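Results of the structural survey
Next come the chains, spelled out residue by residue.
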Amino acid sequence: MRDSLSLTGFFPVLQTVAPLSQESLWRSISFFNLYRLILGGVLLLVPSLFGEMFASNEHNQSLFFWVAVAYTVLVLLSMLAVGLRKPRTTLQLAFQICSDIAAVALLTYYGGGIQGNLGMLLLVSLALAGMIGRGRITLLFAALASIAMLLGHGYSVLTRDGTLAQFFQTGILCTSYFAVAWLAHTMSKYAVASETLAFRRGVDLSNMAEANRLMIQDMPDGVLVVDERGIVRQSNPGAGRLLGYVFPADARVSLAESSPLLDAMFAAWRQNKALGHEVLRLPGTNHPVRVRFLPVQRDGFWGAVVVLEDMQRVQEQAQQVKLAALGRLTANIAHEVRNPLSSISYATELLKEQEHDAAQVRLLQIILDNTKRLNRIVQDVMQVNRRDRVQAEKLDLSVRLEELIDNLCQVEQVSRAVFELRVEPSSSVRFDHGHFEQVLWNLCRNALRYSQRRSGSVRIRASTSDEGRVMLEVEDDGPGVSADAAQKLFEPFFTTDSGGTGLGLYIARELCEANGATIEYRRAPDGGACFRILFGSNNET
């Protein structure tokens, strides 16, 4: 299974909030400076082109020009500071607006007074400041602009030919400053709210897309997203496993290239939506696979989600449910049978102590042998019922396997040379100690029973698989298992030995699964039997 879903995949998205907003603010100030630079260039041309219109004499025209030059120089300095990203944006904006207010107030004074309408230029600056600053400080800028214009006109009334009646025009201009500033402030609040909402929705969509991607990747069934042209837009490892095709990570491939049969079914489904629930065997696997097509048509995309359901896995899950229910039932029955069985065995032992002829003794011995066999079956069934009582611990395979082989050699009275043990250094697993001994004892006894009992006839190897999981193999040089019998090896009560109960390998599989491991049968290269245990990914090596 892939890595579990966590928020670590979303942190890069969240961490870009502040840098993106700050960069956007600097970009807005840069565009504002570009407007101010163009305005400064235009103001430099005013004395030469419209000097008589804005200034009453050459002295005022000269002062108008030098104010425009100073304003342009300040704009260039502001552009340099923006490029260096120093000082911070709030100070940058305050300096630029104050420069505009001072420059426009002086230009209005030297350009013929309030009737020259140069004060209207501050409306643009205040509007842009409101949208960039996004705060009530814009109203402060409007107040400063109003004070500057009122002081300038008042000074003009005292020193020049300014009239008191033009205070009304100045008041209207100052009111417009506040109106534009307040409108820009209100619009900026809505813009900020909309931007925040859009960003949150974007983060939610990104998180949902990441969650969906991880869920699709971890699904055991195959999933393909196909567009209307039959191009596979997205796939998961399950689809590649069932189709026997490795989908490239970046490039998109056609459905016909990955599976011509599936492409033909997709074309038929587009003609008739009633199709698309067939169970078939794809060329890439021998398992029966149910193919389902789910239409997708949204936002200009037309296609389908192709679901490949491994029916063998479904059947195995159903079989596991049945076996679990059967195990509980048989465990209860075994518990009830055990007491009468003990009574029968005890009564038979008492009868054997009396004098009987040879025929009667033989019959009594048959009864004892069968009661012992039934008792062994009952014990095995009750062990299966206790499979969930797992106490996993770290086991050193080199130590545990060596001890187990020595004990088995003493019990079976065989030479230690019959067993060949090869374990990678520091190989360890997490497994219940009692379960481990029971599983390996069963596998080693079976291998010894069917082997030729020569030197190295039973080979036990522990290594690491390509996936980084510990793998343990028990192999013998016997005749092996037929193909028909191999499919039923792990079924309960199936045995190839007349004296066996048929529960040994079934219990071994149940105990392995209870400890997060899997066991499977493979034919050895020399024709013998090989049982492989693949321990869970949480084991340490």
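What you are looking at is a predicted structure, and each value in this text was computed from that prediction instead of being measured.

Bringing the overall build of the chain into the picture now. Helix and strand content of the chain: 16 helices and 12 strands. Split into buried and exposed, the 541 residues of the chain put 39% on the buried side. In the chain, once contacts between residues fewer than 6 apart in sequence are set aside, the share between residues at least 24 apart is 65%. In the structure as shown, the chain presents an accessible area of about 30600 Å², 58% of it carried by carbon and sulfur atoms.

Before going further, it helps to examine the packing of helix α14 (residues 433-450) against helix α16 (residues 504-514). The contact between α14 and α16 brings their axes to 10 Å, and the two run at 145°. Here α14 and α16 pass one another in a crossing that is left-handed. When α14 is examined against α16, the residues H435, Q438, V439, N442, L443 and N446 are found in contact with a partner set consisting of G504, L505, I507, A508, L511 and C512.

The predicted model of the chain has a mean per-residue pLDDT of 79, with 84% of residues at 70 or higher. Here residues 1-20 is modelled with pLDDT under 50, and outside its nearest four sequence neighbours on either side it reaches 15 contacts, counting other chains as well.

Quick look at a nonpolar patch on the surface now. Taken together, the side chains of I137, L140, L144, I147 and L151 present a nonpolar region at the surface, about 460 Å² in accessible area. Among the structural elements, L151 can be located in helix α6 (residues 137-159). Look at L151 and you get exposed, because its relative accessible area is 60%.

Moving on, we come to the pattern of salt bridges. Per the counting criterion, the structure on display carries 15 salt bridges. R290 is the salt-bridge partner of E309, the closest N and O atoms lying 4.0 Å from each other. Of this pair, E309 sits in strand β5 (residues 301-310) while R290 sits in strand β4 (residues 288-298), and the two are 19 residues apart along the sequence. You can call E309 buried: its relative accessible area is 16%.

Now for the packing of aromatic side chains. All told, the structure shown has 12 aromatic pairs when counted by the stated rule. Seen in terms of ring centroids, F32 and Y35 are 6.4 Å apart; in terms of plane orientation they differ by 15°. Their pairing is stacked. Of the two residues, F32 and Y35 both sit in helix α2 (residues 17-54), 3 residues apart, roughly one turn of that helix. Judged by its relative accessible area of 23%, Y35 is partly exposed. Ring geometry for Y109 versus Y110: centroids 5.2 Å apart, planes at 75°, classification edge-to-face. Three or more aromatic residues link up through ring pairs in this structure, and these residues are Y109, Y110 and Y155. Over the ring of F32 we find R36; its NZ or CZ atom is 5.8 Å from the centre of that ring.

Strand order in this open sheet of 5 strands is β7-β9-β10-β12-β11, and the pairing throughout is mixed. Every other strand in the sheet has two partners, leaving β7 (419-423) and β11 (518-523) as the edge strands with one partner each. On average, each strand axis in the sheet is inclined to that of its neighbour by 15°, with strand direction left out of account. Two strands pair when backbone bridges link them, and β7 and strand β9 (residues 458-464) are joined in this way by 5 bridges, in the parallel orientation. Looking at β9, one finds that R422 is bridged to R461.

A separate point is α14. A rise of 1.5 Å per residue sets the reference length of α14, with its 18 residues, at 26 Å; its end C-alpha atoms lie 26 Å apart and thus fit the reference within 8%. When α14 is considered as a whole, its buried residues turn out to be H435, F436, V439, L440, N442, L443, C444, N446, A447 and L448. With a side-chain oxygen lying 3.0 Å from the backbone nitrogen of G434, the N-terminal cap of α14 falls on D432.

With that settled, consider the nonpolar core. By size, the foremost hydrophobic cluster in this structure holds 43 residues, and its most contacted members are F419, F436, L440, L472, I533 and F535. If you list the elements that add at least two residues to this core, you get α13 (397-412), β8 (428-432), α14, β9, β10 (470-475), α16, β11 and β12 (529-534). Dropping the residues within four chain positions of it, F419 is found in contact with I405, L408, C409, V414, C444, L448, V458 and I460. Residues I29, F32, I101 and A129 belong to the second largest nonpolar core, which totals 22 residues.

Right, let's talk about the environment of C174 for a bit. Mapping C174 onto the fold places it in helix α7 (residues 166-218). Accessibility expressed as a relative area gives 6% for C174, which makes it buried. In this structure, the C-alpha to C-alpha distance between C174 and G119, residues 55 residues apart in sequence, is 9.2 Å. Residue contacts for C174: discarding those within four places in its chain leaves S146, M149 and L150.

A word on the pairing of β8. Taken across its 5 residues, β8 has 4 buried, putting it largely inside the fold. When strand β6 (residues 392-396) meets β8, the two strands line up antiparallel, connected through 5 bridges. Bridge pairing links E393 to F431 in β8.

As a general feature of sheets, a regular strand has side chains that alternate between the two faces. Among the 6 residues in β10, 6 count as buried, and that is most of the element. The side-chain alternation of β10 yields two buried faces, one formed by V470, L472 and V474 and the other by M471, E473 and E475. Pairing analysis gives 6 bridges linking β9 to β10, with the strands arranged antiparallel. Bridging from a neighbouring strand, A462 pairs with L472 of β10. As consecutive antiparallel partners, β9 and β10 are separated by 5 residues, and within that stretch G468 has a phi angle of approximately 85°, a positive value. As defined by bridge partners, β10 adjoins β12 across 5 bridges and the pair is classed as antiparallel. Pairing of E473 across the sheet is with R532, part of β12.

Moving on to the side chain of R36. Note on placement: R36 falls in helix α2. Looking at R36, the relative accessible area reads 0%, which means it is buried.

Moving on: the packing of α13 against α14. In contact at an axis separation of 10 Å, α13 and α14 are set at 50° when each is read in the N-to-C sense. As the angle between them shows, α13 and α14 are arranged oblique. Seen from above, α13 lies across α14 with right-handed handedness. Contacts between α13 and α14 pair L397, R400, L401, L404, N407, L408, V411 and E412 from the former with H433, F436, E437, L440, W441, C444, R445 and L448 from the latter. Considered class by class, the residues forming the contact of α13 with α14 number 10 nonpolar, 2 polar and 4 charged.

Reading guide: rules and limits
- Residues numbered from 1 in each chain as written.
- Predicted model: local features only at pLDDT ≥ 70, side-chain atom pairs only at ≥ 80, totals over all residues.
- Heavy atoms only, no water.
- Helix = DSSP H or I, 4+ residues; strand = E, 2+ residues; numbered from the N terminus.
- Buried < 20%, exposed > 50% of the residue type's maximum accessible area, 1.4 Å probe, protein only.
- Contact = heavy atoms within 4.5 Å.
- Areas by Shrake-Rupley, 256 points an atom, 1.4 Å probe, with all protein chains shown as cover.
- Axes fitted to C-alpha atoms, helices over the stretch in contact; angles between N-to-C directions.
- Left-handed = near helix turned anticlockwise from the far one by under 90°.
- pLDDT = per-residue confidence, 0-100.
- Patch = residues over 30% accessible without salt bridge, like charges linked within 9 Å, V, L, I, M, F, W, Y side chains within 5 Å.
- Salt bridge = Lys/Arg side-chain N within 4 Å of Asp/Glu carboxyl O.
- Phe/Tyr/Trp six-rings, centres within 6.5 Å; stacked < 30°, edge-to-face > 60°.
- Lys NZ or Arg CZ within 6 Å of the ring centre and 35° of its normal.
- Pairing = 2+ DSSP bridges.
- Expected span 1.5 Å × (residues − 1).
- Polar contact = N/O pair within 3.5 Å; in protein donor to acceptor, adjacent residues only side chain to side chain.
- Core = buried A, V, L, I, M, F, W, Y, C linked by side-chain atoms within 4.5 Å.
- Parallel < 35°, antiparallel > 145°, perpendicular 65-115°, else oblique.
- Nonpolar A, V, L, I, M, F, W, Y, C, P; charged D, E, K, R; others polar.

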